[in-house]
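# Fold and contact review
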Amino acid sequence: MLNDLPVWPRLLQHHRTIRSLRMRDWFDGAQGEDRVARFTLEAAGLYLDYSKNRIIEETIGLLLQAAIEAGLPARRDALFAGELVNVTERRAALHMALRAGPDADYRADGKPVMPQVHAVLARMRTFSEQIRDGNWRGHGGQPITDVINLGIGGSDLGPRMVCRALAHLSVSGTGKGPRLHFVSNVDGTELAETLAALDPQRTLVIVCSKTFTTLETMANAHSARQWFVDRGVPEDGLSRHFVAVSTNTDAVRAFGIDPANMFEFWDWVGGRFSLWSAVGLSISLALGHDAFEALLAGGREMDEHFRSAPLAENMPVILGLLGVWYRNVWCMPTACIAPYSTVLELFPAFLQQLEMESNGKSVQLDGEPVRGDTAPVVWGTAGTNGQHAYFQLIHQGSQIVPVDFIAPLSTPRSLPGHHAKLLANCFAQAEALMRGRSEEELRRAGVLDPARIPHMRFEGNRPSNMLLMDNITPRSLGALIALYEHRTFVQGVLWNINSFDQWGVELGKLLARPIEAELSGGEAGSHDASTSALIERARAVLK
Ligand code: F6P
């Protein structure tokens, strides 16, 4: 744990030394250019400017020392070597293998995994081309025009986000292929509203679930199946309308999907790291399999960078260290993700699962409680919308929120003049957060009312990262996602936690089962008074 490392007292001492220094002074004159040259990185088509952070050279030195003392290089090697880094489930976390070439030597439990990875990729390509070319037909002989991905969490957020980000390559943009719909919530409204607009003869459902036991997905799958039957699709015609993505062949068969229509992945793929596996089938269907493979290539490029770049020039490492710097040394409880790009509007939600499910932990690898804090609350929306909602707090609120700005420099589907305005706002926010606005500057700008000056001054000195890419392509998006995956891992190492399990979501699932039975008319169970009253109230309406 960071707090236990030999370098920790020096980090605290260093913080005391620099906490009153102002970033804007570090940008004065020529030293500003040196600072930018020193604190920028490029990798896999991404450009990271981290100069607007509360850091100096010595800070990075100390943080790198922390990484060494935490054993980051060895832990990274263990990850890539397929060791059982997910210690509580005794599993490897080998999502990097899903985006590797056929000649790579990834092994889980000592066994090579690349042959099975590429066998599934080949099946995905064949199926994707059949659907997109109209050669896979519904039971009545109609081509498939609409595909629904039924999944939740990692079986939803990744593919949903990617399909949104690259929508210009889909049928709604310049591409062909079916329209994709994503249904995750067990609130039947989502599925009902989706189905209402669809023709069962032309619809295909992907039941996407690693375990094939998740309540939400299975409830939606059963209701979708009933919808087909109610609308005249015979039981023996359902195989033309249902495929599965899972690790659980028995459960897929028990649901009634022929394992021949199942796309497999493996227990060494964590749910929130799974979009690169057959979970990405929806991506391949919506955008074409070549685009899916380009996404994998972008992820692979970032893997190579993470694996081989020196720590000081390693983008996921630097971002991870900055994250712990603010979380643990400055005690900042939240972190904002601000993509200045409508197509990345789902990226913050994707990162919420990635970071908070991975690193929202209070126990170290050996079962000892963590000392200090782990994952911050991650939040954000696409810019410029956030500016007109919560940026007030980021500029002048009583707590400091580090921001990751993410901006493509061009966009395939915009209108003349818009993108320059969007980027101008993005860069201006980062500049304003760093510089602030002094009383002197206000007076020079003609603000002379002493009653207003305290309200209108900006303290500044608020940190941000700026991540740029030329445009959002499958490749750059793949690199961006893999960057945050590895950053999440780096932070987990600094906190000495297992980033690959998620026991915290189990208890609520367990308790929901008897409550559901009670809501459906079963006997009242034993609960606290508040929960019992809530159940009673709901029963009265559900009757
Ligand atoms: O929310 C818990 C979780 O297990 C996530 O980690 C996972 O991505 C999601 O549920 C869905 O699980 P499955 O793919 O097994 O349906």
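Note that the coordinates shown come from a computational prediction; the quantities given were computed from them, not determined experimentally. (Residues numbered from 1 in each chain as written. Predicted model: local features only at pLDDT ≥ 70, side-chain atom pairs only at ≥ 80, totals over all residues. Heavy atoms only, no water.)

### Re the sheet that holds strand E2 (residues 46-49)
Spatial strand order, E1-E2-E13-E12-E10-E11: six strands in an open sheet with mixed pairing. Across the chains shown, the open sheet's two edge strands, defined by having one partner strand only, are strand E1 (40-43) and strand E11 (377-379). Strand-to-strand, the axes of this sheet are offset by a mean angle of 15 degrees, without reference to chain direction. Summarising the sheet, strand E12 (residues 403-408) and strand E13 (residues 464-469) pair through six bridges and their orientation is parallel. Paired with Pro-408 across the strands is Met-469, a residue of E13. Across the sheet, helix H15 (residues 347-359) lies against strand E10 (334-339), E11 and E12, angled at about 165 degrees from E11, the strand it touches most. Across the sheet, helix H17 (residues 418-435) is in contact with E12 and E13; its angle to E12 comes to roughly 160 degrees. (Pairing = 2+ DSSP bridges. Helix = DSSP H or I, 4+ residues; strand = E, 2+ residues; numbered from the N terminus. Axes fitted to C-alpha atoms, helices over the stretch in contact; angles between N-to-C directions. Contact = heavy atoms within 4.5 Å.)

### Details of the nonpolar core
Of all hydrophobic cores here, the largest spans 122 residues; its most connected members are Val-162, Leu-204, Trp-268, Phe-347, Leu-477, Leu-480 and Tyr-484. Per-element accounting of this core gives the leading share, twelve residues, to helix H20 (residues 474-495). Three or more residues apiece are contributed to this core by two domains, here domain 1 (2-69 + 309-437 + 455-501) and domain 2 (100-294). Those residues in contact with Phe-347, other than ones at most four positions away along the chain, are Met-161, Ile-337, Ile-406, Leu-480, Ile-481 and Tyr-484. Among the nonpolar cores identified, the runner-up in size contains 23 residues, and Leu-150, Met-218, Ala-221 and Phe-255 belong to it. (Core = buried A, V, L, I, M, F, W, Y, C linked by side-chain atoms within 4.5 Å. Buried < 20%, exposed > 50% of the residue type's maximum accessible area, 1.4 Å probe, protein only. Domains from an automatic or database assignment.)

### Thoughts on the site of the ligand
Among the 14 residues in the neighbourhood of the ligand, the closest are listed as Ser-155, Ser-209, Thr-211, Thr-214 and Glu-357. Interatomic distance of 3.2 Å between a side-chain N/O atom of Gln-353 and an oxygen atom of the ligand. Contact distances for the ligand include 2.7 Å between an oxygen atom and a side-chain N or O atom of Glu-357. In the complex, the protein chains occlude 87% of the 390 Å² of accessible area that the ligand would expose alone. For the shell around the ligand, the per-class residue count stands at two nonpolar, nine polar and three charged. (Near = heavy atom within 4 Å. Polar contact = N/O pair within 3.5 Å; in protein donor to acceptor, adjacent residues only side chain to side chain. Areas by Shrake-Rupley, 256 points an atom, 1.4 Å probe, with all protein chains shown as cover. Nonpolar A, V, L, I, M, F, W, Y, C, P; charged D, E, K, R; others polar.)

### Quick notes on the sheet that holds strand E8 (residues 242-246)
Taken together, the five strands give an open sheet; going across it, the order is E6-E5-E7-E8-E9, and neighbouring strands pair in parallel fashion. A strand with exactly one partner marks an edge of an open sheet, and here the two such strands are strand E6 (179-183) and strand E9 (262-264). Taking each pair of neighbouring strands and ignoring which way they run, the sheet shows an average axis angle of 20 degrees. Summarising the sheet, E8 and E9 pair through three bridges and their orientation is parallel.

### Some remarks on the pairing of E12
Sheet faces and side chains relate simply in a regular strand, where the side chains alternate between the two faces. Of all six residues in E12, six are buried; the element is thus mostly enclosed. What you see with E12 is no split at all: Val-403, Phe-405 and Ala-407 on one side and Asp-404, Ile-406 and Pro-408 on the other are buried throughout.

### Quick word on the pattern of salt bridges
All told, the structure shown has 31 salt bridges when counted by the stated rule. With a shortest N-O distance of 3.6 Å, Arg-125 and Glu-293 are connected by a salt bridge. With a gap of 168 residues between them, Arg-125 in helix H7 (residues 114-132) and Glu-293 in helix H13 (residues 289-308) connect regions that are remote in the sequence. Linked by salt bridges that have partners in common, Arg-125, Glu-129, Asp-290 and Glu-293 make up one network. (Salt bridge = Lys/Arg side-chain N within 4 Å of Asp/Glu carboxyl O.)

### Some words on the environment of Asp-528
Along the chain, Asp-528 turns up in the loop between helix H21 (506-519) and helix H22 (529-542). Through-space distance from the C-alpha of Asp-528 to that of Pro-369 is 28 Å; in sequence the pair is 159 residues apart. There is a polar contact of 3.0 Å between the side chain of Asp-528 and the backbone nitrogen of Ser-530.

### Focus: the domain arrangement of the protein chain
Along its sequence, the protein chain is organised into domain 1 (2-69 + 309-437 + 455-501), domain 2 (100-294) and domain 3 (505-542). Using C-alpha coordinates to define each centre, domain 2 is positioned 33 Å away from domain 3.

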